[in-house]
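Listed here are the chains, written in short residue letters.
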Amino acid sequence: MSEAAAPLGLAEERIGSGPGLLIGLCWGIVIGVMVLAAFGEWIAPNPSAQDLATGVAGPSAAHWLGTDDLGRDVLARLIVGARTAVLGPVLITLGSALIGTLLGLLAGYVGGLSDSVILRWADLMFALPGQLVAIVVVGVLGGGYFLAVAILIVLSSPYDTRLIRAATLEQRPRAYIEAARVLGLPGRRVAMAHLLPNLVPLIIASVFLGFAYALLALAALSFLGLGVGAGTPDWGRMLAEGRTLLFKNPAAALAPGAMLILTAASMNLVGDWLAERLSDRGRAR
Amino acid sequence: MRPADHFEQHAYATMQAQGTHLLEVRDLRITSRVGGRHRTIVSGIGLTVSAGETVGIVGESGSGKSMTARALLGLLPAGLMAHGTVTYEGRDLLAMPERALRRIRGSDIALILQDPYTMLSPLRRCGKHLEETLQLRDDGPRLRRRSYRDEAVRRLAEVGITDPGVADVYPFQLSGGMRQRVGIAAAIARDPKILVADEPTTALDMTTQKESLGVLKSLQESRRMGLILITHDLRVAFAMCDRVYVLYAGSVVEVAAAPVVEAEPLHPYTLGLLLSEPPSDRRVSTLEAIAGSVPEPDEVATCCPFAPRCAWVRDDPCRVGKPALAEFAPSRHTACVRIADIRHEMSALRSSAEHPVPSATVAARSRTLVRVEGLDKVFTAGSGRKAGRTVQALVGASLEVGDGESVGLVGESGSGKTTLGRCLVGLETPSAGEITIDGVDGSDYSALDRNARNHLRRTVQMIFQDPYQSLNPARTVDFAITEALRARRERADPQEDLDALTGELLGRVGLPADYRARRPIALSGGERQRVAIARALALEPRLLVCDEPVSALDVSVQAQVLNLLNRLREDLGIAYLFISHDLAVVRQVVDRVYVLYRGQVVESGPVGDVLDSPKHPYTARLVASLPRPDTDWLESSSTAKRPA
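Since the model is a prediction, treat every value here as computed from it, not as a measurement. (Residues numbered from 1 in each chain as written. Chains lettered and ligands numbered in written order. Predicted model: local features only at pLDDT ≥ 70, side-chain atom pairs only at ≥ 80, totals over all residues. Heavy atoms only, no water.)

Quick notes on the overall build of chain B
Regarding its fold elements, chain B presents 22 helices and 22 strands. In chain B, buried positions account for 55% of the 644 residues. Looking at chain B alone, contacts between residues at least 24 apart form 68% of all its contacts between residues at least 6 apart. When the accessible surface of chain B is summed, it comes to about 26,400 Å², and 49% of that surface belongs to carbon and sulfur atoms. (Helix = DSSP H or I, 4+ residues; strand = E, 2+ residues; numbered from the N terminus. Buried < 20%, exposed > 50% of the residue type's maximum accessible area, 1.4 Å probe, protein only. Contact = heavy atoms within 4.5 Å. Areas by Shrake-Rupley, 256 points an atom, 1.4 Å probe, with all protein chains shown as cover.)

Digging into the overall build of chain A
Across its full length, chain A carries eleven helices and one strand. Reading chain A from its N terminus to its C terminus gives the helix and strand order β-α-α-α-α-α-α-α-α-α-α-α. The C-alpha extent of chain A, read off along each of the three principal axes, is 75 × 70 × 30 Å. Going through the 285 residues of chain A one by one, you find that 48% of them count as buried. Contacts in chain A between residues far apart in sequence, at least 24 positions, make up 72% of those at least 6 positions apart. Just so you have it, chain A exposes about 13,700 Å², and 70% of that area is on carbon and sulfur atoms. Separation of charge centres in chain A, based on 19 positive and 18 negative side chains, amounts to 10 Å. (Lys, Arg positive; Asp, Glu negative; His and termini not counted. Charge placed at Lys NZ, Arg CZ, Asp CG, Glu CD.)

Things to note about the sheet that holds strand β18 (residues 460-463) of chain B
Residues and elements named next belong to chain B. In spatial order, the strands read β18-β19-β20-β15-β21-β22; together these six strands make up an open sheet with mixed pairing. On the outer flanks of this sheet lie β18 and β22 (600-606), each paired with one strand and no other. Between one strand axis and the next, the sheet turns through 20° on average, direction left out of account. Bridge count for β18 against strand β19 (residues 543-547) is four bridges, and the pairing is parallel. Bridge assignment links M462 to a residue of β19, and that residue is V545. Across the sheet, helix α14 (residues 450-459) is in contact with β18 and β19; its angle to β18 comes to roughly 50°. With respect to the sheet, helix α17 (residues 525-537) is in contact with β18 and β19, its orientation differing from that of β18 by roughly 170°. (Pairing = 2+ DSSP bridges. Axes fitted to C-alpha atoms, helices over the stretch in contact; angles between N-to-C directions.)

Re the nonpolar core
Residue and element names in this part refer to chain B. In terms of nonpolar packing, the biggest core is built from 70 residues, with I533, L537, L544, Y576 and F578 touching the most fellow members. Counting residues per element, this core draws most heavily on helix α18 (residues 555-572), which supplies seven residues. For L537, the contacting residues outside a window of four places in its chain are L505, V509, L544, L568, L572 and I574. Grouped together as the second largest cluster of nonpolar side chains are 67 residues, A186, L229, A249 and L274 included. (Core = buried A, V, L, I, M, F, W, Y, C linked by side-chain atoms within 4.5 Å.)

Comments concerning the packing of aromatic side chains
All names here are of chain B. Evaluated as defined, the whole model comprises nine aromatic pairs over all chains. An angle of 5° between the planes, with centres 5.9 Å apart, marks the rings of Y170 and F172 as stacked. For Y170, a relative accessible area of 26% puts it in the partly exposed group. On the numbers, 4.3 Å between centres and 50° between planes, the contact of Y248 with Y269 is tilted. One end of the pair, Y248, is in strand β9 (residues 243-248); the other, Y269, is in helix α10 (residues 268-276), with 21 residues separating them in the sequence. Its guanidinium or amino end placed over the ring of F379, K377 lies 5.1 Å from that ring's centre, counting from NZ or CZ. One cation-aromatic arrangement involves R518 over Y515; the distance from NZ or CZ to the ring centre is 4.1 Å. (Phe/Tyr/Trp six-rings, centres within 6.5 Å; stacked < 30°, edge-to-face > 60°. Lys NZ or Arg CZ within 6 Å of the ring centre and 35° of its normal.)

Concerning the packing of helix α3 (residues 74-110) of chain A against helix α6 (residues 145-171) of chain A
All names here are of chain A. Running from N to C, α3 and α6 cross one another at 40°; their axes reach a closest spacing of 5 Å. Considering only the axes of α3 and α6, their crossing is right-handed. Looking at the contact of α3 with α6 residue by residue, the class counts come to 17 nonpolar, twelve polar and two charged. (Left-handed = near helix turned anticlockwise from the far one by under 90°. Nonpolar A, V, L, I, M, F, W, Y, C, P; charged D, E, K, R; others polar.)

Description of the packing of helix α15 (residues 477-488) of chain B against α17 of chain B
The geometry of a pair of packed helices is captured by two quantities: the angle between their axes and the separation between those axes. All names here are of chain B. With their axes 8 Å apart at the nearest point, α15 and α17 run at an angle of 20° to one another. In terms of orientation, α15 lies roughly parallel with respect to α17. Crossing of α15 over α17 shows right-handed handedness. Facing α15, whose interface residues are V477, A480, I481 and A484, α17 presents V531, A534 and R535. Looking at the contact of α15 with α17 residue by residue, the classes come out as six nonpolar, no polar and one charged. (Parallel < 35°, antiparallel > 145°, perpendicular 65-115°, else oblique.)

Observations regarding unusual backbone geometry
Residue and element names in this part refer to chain B. Here the residue pair D316 and P317 is connected by a cis peptide bond, since its omega of 15° sits within 30 degrees of zero. If you trace the backbone, P317 turns up in helix α11 (residues 315-318). Here D438, not a glycine, exhibits a phi torsion of approximately 50°, which is positive. Mapped onto the elements, D438 comes out in the loop between β16 (432-437) and β17 (440-441). Note on D438: relative accessible area 19%, which makes it buried. Here the phi dihedral of E548 falls at roughly 45°; this positive angle occurs in a residue that is not glycine.

A closer look at the pattern of salt bridges
Residue and element names in this part refer to chain B. In total, this model carries 46 salt bridges over all chains according to the counting rule given. Residues K417 and E548 are paired through a salt bridge, measuring 3.7 Å at the closest nitrogen-oxygen approach. Taken as a pair, K417 in helix α13 (residues 417-424) and E548 in the loop between β19 and α18 lie far apart in primary sequence, 131 residues in all. A residue is classified by how much of its surface remains accessible, and E548, at 7% relative accessible area, is buried. Between R569 and D591 there is a salt bridge, with its nearest N and O atoms 2.7 Å apart. Within this pair, whereas R569 is found in helix α18, its partner D591 is found in the loop between α19 (583-589) and β21 (592-597), the two being separated by 22 residues in sequence. On the basis of relative accessibility, which here comes to 9%, the residue D591 falls in the buried class. One salt-bridge network, in which partners are shared between bridges, spans E151, R154, R155, E158, D191 and R223. (Salt bridge = Lys/Arg side-chain N within 4 Å of Asp/Glu carboxyl O.)

Overview of α6 of chain A
Between its terminal C-alpha atoms α6 of chain A stretches 38 Å, which fits the 39 Å expected from 27 residues at 1.5 Å a residue. Of all bends in α6 of chain A, the biggest is about 30°, found at S156 of chain A, and the proline P158 of chain A comes one to four residues later. (Expected span 1.5 Å × (residues − 1). Bend = angle between axes of the 7 residues up to and from the residue.)

Re the pairing of strand β13 (residues 368-380) of chain B
Examined bridge by bridge, β13 of chain B and strand β14 (residues 390-402) of chain B share nine bridges and lie antiparallel to one another. Residue pairing across strands places L375 of chain B opposite A397 of chain B, the latter belonging to β14 of chain B.

Describing the environment of S212 of chain B
Residues and elements named next belong to chain B. Considering the arrangement of structural elements, one finds S212 in helix α7 (residues 206-223). Judged by relative accessible area, S212 falls into the buried class, the value being 1%. Those residues within four positions of S212 in sequence are excluded, and the remaining contacts are G177, Q180, T201 and L204.

A short note on a nonpolar patch on the surface
All names here are of chain A. A surface patch of nonpolar side chains, about 560 Å² in accessible area, is lined by I31, V35, F39, W42 and I43. With respect to the helices and strands, I43 occurs in helix α2 (residues 20-43). Relative accessible area serves as the criterion here: at 44%, I43 is assigned to the partly exposed category. (Patch = residues over 30% accessible without salt bridge, like charges linked within 9 Å, V, L, I, M, F, W, Y side chains within 5 Å.)

Regarding the sheet that holds β13 of chain B
Either a parallel or an antiparallel arrangement is found when strands of a sheet pair, and the pairing is made through backbone hydrogen bonds. Residue and element names in this part refer to chain B. Taken in spatial order, the four strands of this open sheet run β14-β13-β16-β17, and their pairing is antiparallel. Each edge of the open sheet is held by one strand with a lone partner, namely β14 and β17. Of the strand pairs in this sheet, β13 and β16 are connected by five bridges, and their pairing is antiparallel. Directly across from V370, in β16, lies its bridge partner I437. Contacting β13, β14 and β16, α13 crosses the sheet at an angle of about 120° to β13.

Considering the state of the cysteines
Residues and elements named next belong to chain B. Enumeration according to the criterion identifies zero disulfides over all chains in this entry. Unpaired in this structure, C310 has its nearest cysteine sulfur neighbour in C318, at a distance of 6.2 Å. C310 gets classed as buried once you look at its relative accessible area, which sits at 15%. Looking at C423, it has no disulfide partner, and the nearest cysteine sulfur is the one in C546, 17 Å off. On the accessibility criterion, C423 (0% relative accessible area) is buried. (Disulfide = S-S within 2.5 Å.)

What about the confidence of the model for chain B?
Residues and elements named next belong to chain B. Mean pLDDT over chain B stands at 84; residues scoring 70 or higher make up 90%. With pLDDT under 50 throughout, residues 1-18 is counted as low confidence; its partners more than four residues away or in other chains account for 28 contacts. In this model, residues 637-644 is a region of pLDDT below 50 whose contacts with residues beyond four sequence positions or in other chains number nine contacts. For this predicted complex, the interface confidence comes out at an ipTM of 0.77, alongside a pTM of 0.81. (pLDDT = per-residue confidence, 0-100.)

Encoded structure:
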């Protein structure tokens, strides 16, 4: 008996295996950062405690990642800094997804004038250099973490709006939507009870993918001193403050940068993986 | 033309003369592995093809027929593995490396796929598709550039495309039937010895199907190719094939010459298929549907695969082991172990099912429920200033449906039949003309006030063609039906009432009450269509617009749904507007029929009269395109002319 393996064994592997080592690792990082964000202050109770006698120093047994120029423990600040690194992006992605879903459904399902107005607004937002607008607005209004979060919600919602509108247009001509219309259900109910549940996988995937963008955008504002207040442990801010210490304690600058990259990349990969998984689930055929 | 006994001798001779086969498949098994779990798709089938022979592989969805075809050419999708041997010219194709296999594909064994709309690259002119294949020939003489084009034109003429201009157009400029012909021409451009055709005409209209099958048959005969025709349609198999393999849940259950199987099937499954096929020449009271649906091959690995659905099943011998295909009579193979005992019962059942019931005579005309007069519908691409090409789907179509009457609307794709149905339920607004439903003007739903619109919704409901699309994949059966019940009732019913009503509705369409927690993904196609029917019935409509309700279903399931529709009509006195392209199906369900051609009603009358003695040439052509088992069916294609 002979055996003919199908060509493209690689694809077979993708079907056959589970999440895979890389995705498992990414999930680990994502969950780990979430845990730190929730319980950071409990793990490292005093991130601002100064060890002025030491000043800036490299890694040691007492301070695993060394200390910064004010003698503060870098590891402790890194752990507690997870909160602002997670909270802001979560608010940004959820807020943006909420606005985007409502506007996208309105534009895609109702169409007509609302579609034109929403699309022109989205085009206008796309035309603006987002990061620059955020810097200017936050700078003019005097900075602040939640102001930065709010600006970023507004700036990223047109992307979600476009995405949800496109998906709505794809679902709208399907027979199950027509069947609901023939039953005489009001448009709002067809959109919310029938169409929306079928967009949930897309929204979830979009939230995960948007997280990385929001994380970096927020860190960039903090880096420029426009996000969190001075002294608050925050990865973006630590990156800015650690720059000058690159030769005295490289960890003070590199560790927050590494955390930002790891978290953003993990979120992206997890988002990709989720999008692939969810889009197959419940698919009609 | 050729009498049945000739077929039998021919088949017998080819089966005896071992070694003359072009292709021999032995113990082909196809398995998949998903997440470490092994699944069987085809469990050990064998088949042979000789030069000049047409072999049919007949089976419903889930029988593994398409995967069998792909396995022969080493084109299984990723994740699927074929075991066994496929011998071609002394070599085992399954053991061959991909490079060697590529030389055989197209030049020795070619494949035609089901969908003519996707099998040609949309960016290449039709001639290029052929030239490309011609240039790959390594045995033939190398031709000049110019000669390739001439050759391509010649090849197109061979499949009946006499216009040389077709070589210079893009596939999207052609109709489905023309594309299928170009696909056939490209597939056989390198003169393969074997052609595998996987459902080549399923996506085509009846009349186009007949023309395409005629092209295939004449090419196969003139070149003495071996043709493996894979189809779900027994009528097509009988019209085309010398020998038929009946495939069920990944196993061959019967093999014999086509006329022999048609005359006397030797497996209860084949009999069930034959009986559930609606006859086109008469109406039967109930179709003998096969209960249940096709199981997974692994569920029936240790018993007769048909045992769970068989009326003649006995624990011993049917469930003690998997029966092998055995020769019951010369060149007639069956996998039924009880065939000697039940043969007479089977033929008795067959002859009793032959008795026609008269088409329901149209009694005194009941009150008119729906009147459609002079309906026009023009579709315009784009809108406003960008308005472009227009298509007139309906041209002054008129019809009437009486209270409790079942009316058919037949026509091919593009005839406007679906558009008319959609106008009735307000999914489209007609450009001109009048629709009166139960005394209310339903021409424009959006112009009606809320009460009138709700009244129409409760009077007319619709069942859609594709049950895989018409149920919300994210919602349970219970949600779908409860929501429809709520839409019917003004004030909120207590939940207990809704639960009871949902259970009652499910029972009415023949589904157990515990299906309410399921999502569509956990339902088969037939079950989905039942849920869709229950949902429509929840509004207690007086007219059900059924838009091709069974065309996406397997023939055994189709019979179940048709029986259900007939029973519902008897029980509830509901009227149907039954839209279909399949005349045989229409005959089983409707009293009167309207024939739609290019948006116009060209003929109407009692269904028996219209189908038996069509007046309009288009109706005649439709009736002639129904596959018949006699071999002159294909040859009569040139006689029926297209109406102007």
